[in-house]
Amino acid sequence: MEKIPFLNLKDVTALHGADVIEAVMRVIDSGQYVQGRENARFEARFAGFIGTDYAVGCANGLDALTLIFRAYIEMGVMKPGDEVIVPANTFIATVLAVSENGLVPVLVDSRADTLEIDDSRIEEAVTERTRAVVTVHLYGRNAYTDRIGDICRRHNLKLIEDSAQSHGCRTGDGRVTGSVGDAAAFSFYPVKNLGALGDGGAVTTNDSELAGTIRAIANYGGLRKYESRYLGRNSRLDEIQAAVLDARLGHLTDDNARRQQIAAYYYSRLENIAPGLVLPTRLPDSCNVYHVFPVLVLNGKRDALREHLEKEGVGSLIHYPIPPHEQECYRGKGILKLPEDGLPVTEMIARSELSLPISPTVTSDEASQVVNAVIDYIRKY
Ligand SMILES: *Cc1c(COP(=O)(O)O)cnc(C)c1O
């Protein structure tokens, strides 16, 4: 039997290989490797794809998030010590961006059926110091709800989207995620749905002041050469990465459609087959670009299923084995604010979540092999 890796990046690159090579060669020949034509073109096209007035390229997704908060601080919208509501079930970067700016991450528990932030628990976390809510469209699933939008409007909070896993995903009312909040952060880390051949990131927004402030902070603090208004840094998107991303952006909708096909097959074969295997509620395809395909394996059987799959040649990953509030960097330091009744659903997800292979290069035969290996295990227990 063929081995099925969780993700084969080499195959993913080869999928649109000719376009990628053409893009890289174009930049090599241009003699301009940072802050040139490729960035301008990709930013314009990406903003158009998301549906915002601005896209600002930067070095990676964590920087994109960090720069949003930093810019709001420079603009006087937030100040260190203010609170930002974030989902407890997320990749650590979401939380790091908040704490790095001296803002207080206020964690809100998840829903077991969506694995996303429980929007019925957000309002009780709002205090006089709350300035923003971060929605993370985790696993490629839209996490925006009208209730979240309503809470942000009523309490005058900025809505920031962590769109690092959701390129091309839409909300229930058809808007592209990344255009719904006041600002959104994207990552182009190679494994993401839209990936570069290295690190990359972008902020999308309709706020011209925010876009300009971010662009300046990310360029040593100023837009004019040798003039720094802010205590800036260097966080830019390389020309080669911008060119590669521009080439791959044209294929993103098709690549996401392939992920959706595989997901439909997984749902058709794995949903409701055993009480111990739970699939998250299925969203309409437009609302899920399946960055990963998470399942919950209950009763402490997750690691055993993972080992079984490994033996059958099927790669899988856990997103994420240690939730942010249990990470050593935050433990016992009083940096995070947690609900009084803890984060039981998030902790259940960390114990139970397993991600099955899903990428545009997974073949139908491979998807069927994945499913058979899962069912084979379920039968045994
Ligand atoms: C990948 C990711 C980030 C960070 O992006 P990098 O480009 O790796 O810095 C942030 N948030 C989420 C949800 C991510 O998946």
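Residues numbered from 1 in each chain as written. Predicted model: local features only at pLDDT ≥ 70, side-chain atom pairs only at ≥ 80, totals over all residues. Heavy atoms only, no water.

A. Looking closely at the overall build of the chain. Helix and strand counts for the chain come out as twelve helices and ten strands. The globule rule puts the C-alpha radius of gyration for 381 residues at 21 Å, and the 21 Å found for the chain is close to it. With 381 residues in all, the chain has 56% of them scored as buried. In the chain, the share of contacts with a sequence separation of at least 24, taken over all contacts with a separation of at least 6, comes to 72%. Total accessible area on the chain stands at roughly 16,300 Å², and carbon and sulfur atoms take up 49% of it. (Helix = DSSP H or I, 4+ residues; strand = E, 2+ residues; numbered from the N terminus. Rg over C-alpha atoms; globule rule 2.2 N^0.38 Å. Buried < 20%, exposed > 50% of the residue type's maximum accessible area, 1.4 Å probe, protein only. Contact = heavy atoms within 4.5 Å. Areas by Shrake-Rupley, 256 points an atom, 1.4 Å probe, with all protein chains shown as cover.)

B. How the structure looks around the sheet that holds strand 1 (residues 54–58). Strands sit in the order 1-7-6-5-4-2-3 across an open sheet of seven strands; the sheet is mixed. Two strands lie at the open edges of the sheet, namely strand 1 and strand 3 (104–108), each paired on one side alone. The sheet shows a mean angle of 20 degrees between the axes of neighbouring strands, direction not considered. Alignment of strand 5 (residues 158–162) against strand 6 (residues 183–187), held across three bridges, turns out to be parallel. Note on strand 6: the bridge partner recorded for Glu161 is Ala184. Here helix 7 (residues 208–217) sits on the sheet and contacts strand 1, strand 6 and strand 7 (201–205); the angle it forms with strand 1, its principal contact strand, is near 15 degrees. (Pairing = 2+ DSSP bridges. Axes fitted to C-alpha atoms, helices over the stretch in contact; angles between N-to-C directions.)

C. The arrangement of the site of the ligand in detail. Taken together, 13 residues are adjacent to the ligand, and Gly61, Asp162, Gln165, Ser187 and Lys192 come closest. At 2.8 Å, a side-chain N or O of Gln165 approaches an oxygen atom of the ligand. With respect to the ligand, the side chain of Ser187 contributes an N or O atom lying 2.6 Å from an oxygen atom. A total of 380 Å² of accessible area belongs to the ligand in isolation, and the protein chains cover 91% of it. Secondary structure elements with two or more residues in the shell around the ligand: helix 4 (61–74) and helix 5 (92–100). Looking at the shell around the ligand residue by residue, the class counts come to six nonpolar, five polar and two charged. (Near = heavy atom within 4 Å. Polar contact = N/O pair within 3.5 Å; in protein donor to acceptor, adjacent residues only side chain to side chain. Nonpolar A, V, L, I, M, F, W, Y, C, P; charged D, E, K, R; others polar.)

D. Quick look at the pattern of salt bridges. A complete count under the given rule lists 22 salt bridges for this structure. For Arg233, the salt bridge goes to Asp63, with nearest N and O atoms at 2.8 Å. With Arg233 in the loop between helix 7 and helix 8 (239–249) and Asp63 in helix 4, this pair connects stretches of sequence that are 170 residues apart. In this structure, Asp150 and Arg154 form a salt bridge, with 3.0 Å as the shortest nitrogen-oxygen distance. (Salt bridge = Lys/Arg side-chain N within 4 Å of Asp/Glu carboxyl O.)

E. Structural context of the sheet that holds strand 10 (residues 353–356). Pairing within the open sheet is antiparallel, and its three strands lie in the order 8-9-10. On the outer flanks of this sheet lie strand 8 (277–278) and strand 10, each paired with one strand and no other. Relative to strand 9 (residues 293–297), strand 8 is paired through two bridges, and the arrangement is antiparallel. Counted as the bridge partner of Leu277 is Val297 from strand 9. Across the sheet, helix 9 (residues 252–270) lies against strand 8, strand 9 and strand 10, angled at about 20 degrees from strand 9, the strand it touches most.

F. Quick peek at the nonpolar core. In this structure, Ile68, Phe69, Val84, Ile160 and Ile214 are the most contacted members of the largest nonpolar core, which totals 45 residues. Contributing elements (two or more residues each) for this core: strand 1, helix 4, strand 2 (83–87), helix 5, strand 4 (130–136), strand 6, helix 7 and helix 11 (344–352). Top element by residues in this core is helix 4. It accounts for seven residues. Residues contacting Ile214, with those up to four places away along its chain left out, are Val56, Leu67, Ile68, Ala71 and Val203. (Core = buried A, V, L, I, M, F, W, Y, C linked by side-chain atoms within 4.5 Å.)

G. Structural view of a nonpolar patch on the surface. Taken together, the side chains of Ile21, Met25, Ile28 and Tyr33 make up a nonpolar region of the molecular surface, amounting to roughly 400 Å² of accessible area. Mapped onto the elements, Ile21 comes out in helix 2 (residues 17–30). For Ile21, a relative accessible area of 57% translates into the label exposed. (Patch = residues over 30% accessible without salt bridge, like charges linked within 9 Å, V, L, I, M, F, W, Y side chains within 5 Å.)

H. Structural view of the packing of helix 4 against helix 7. Remark: helix 4 packs on helix 7, axes separated minimally by 9 Å, with the N-to-C direction vectors making an angle of 110 degrees. Here helix 7 runs roughly perpendicular to helix 4, going by the angle between their axes. Facing helix 4, whose interface residues are Leu67, Ile68, Arg70, Ala71, Tyr72 and Glu74, helix 7 presents Leu210, Thr213, Ile214 and Ile217. (Parallel < 35°, antiparallel > 145°, perpendicular 65-115°, else oblique.)

I. Focus on the side chain of Arg70. Among the structural elements, Arg70 can be located in helix 4. Exposure remark for Arg70: the relative accessible area of 18% places this residue in the buried category. Apart from the residues lying within four places of it in its own chain, the contact partners of Arg70 are Asn101, Ile217, Tyr230 and Leu231.

J. Molecular detail of the environment of Tyr320. Along the polypeptide, Tyr320 turns up in the loop between helix 10 (302–311) and helix 11. For Tyr320, a relative accessible area of 17% translates into the label buried. Those residues in contact with Tyr320, other than ones at most four positions away along the chain, are Thr90, Phe91, Leu138, Gln165 and Ala350. Within the local environment of Tyr320, its side chain forms a polar contact with the side chain of Gln165, the two groups lying 2.8 Å apart.

K. How the structure looks around helix 7. Of the residues making up helix 7, those classed as buried are Leu210, Ala211, Thr213, Ile214, Ala216 and Ile217. Taken together, the buried residues of helix 7 touch strand 1, helix 4, strand 6 and strand 7. The N-cap residue of helix 7 is Asp207: its side-chain oxygen and the backbone nitrogen of Glu209 are 3.0 Å apart.

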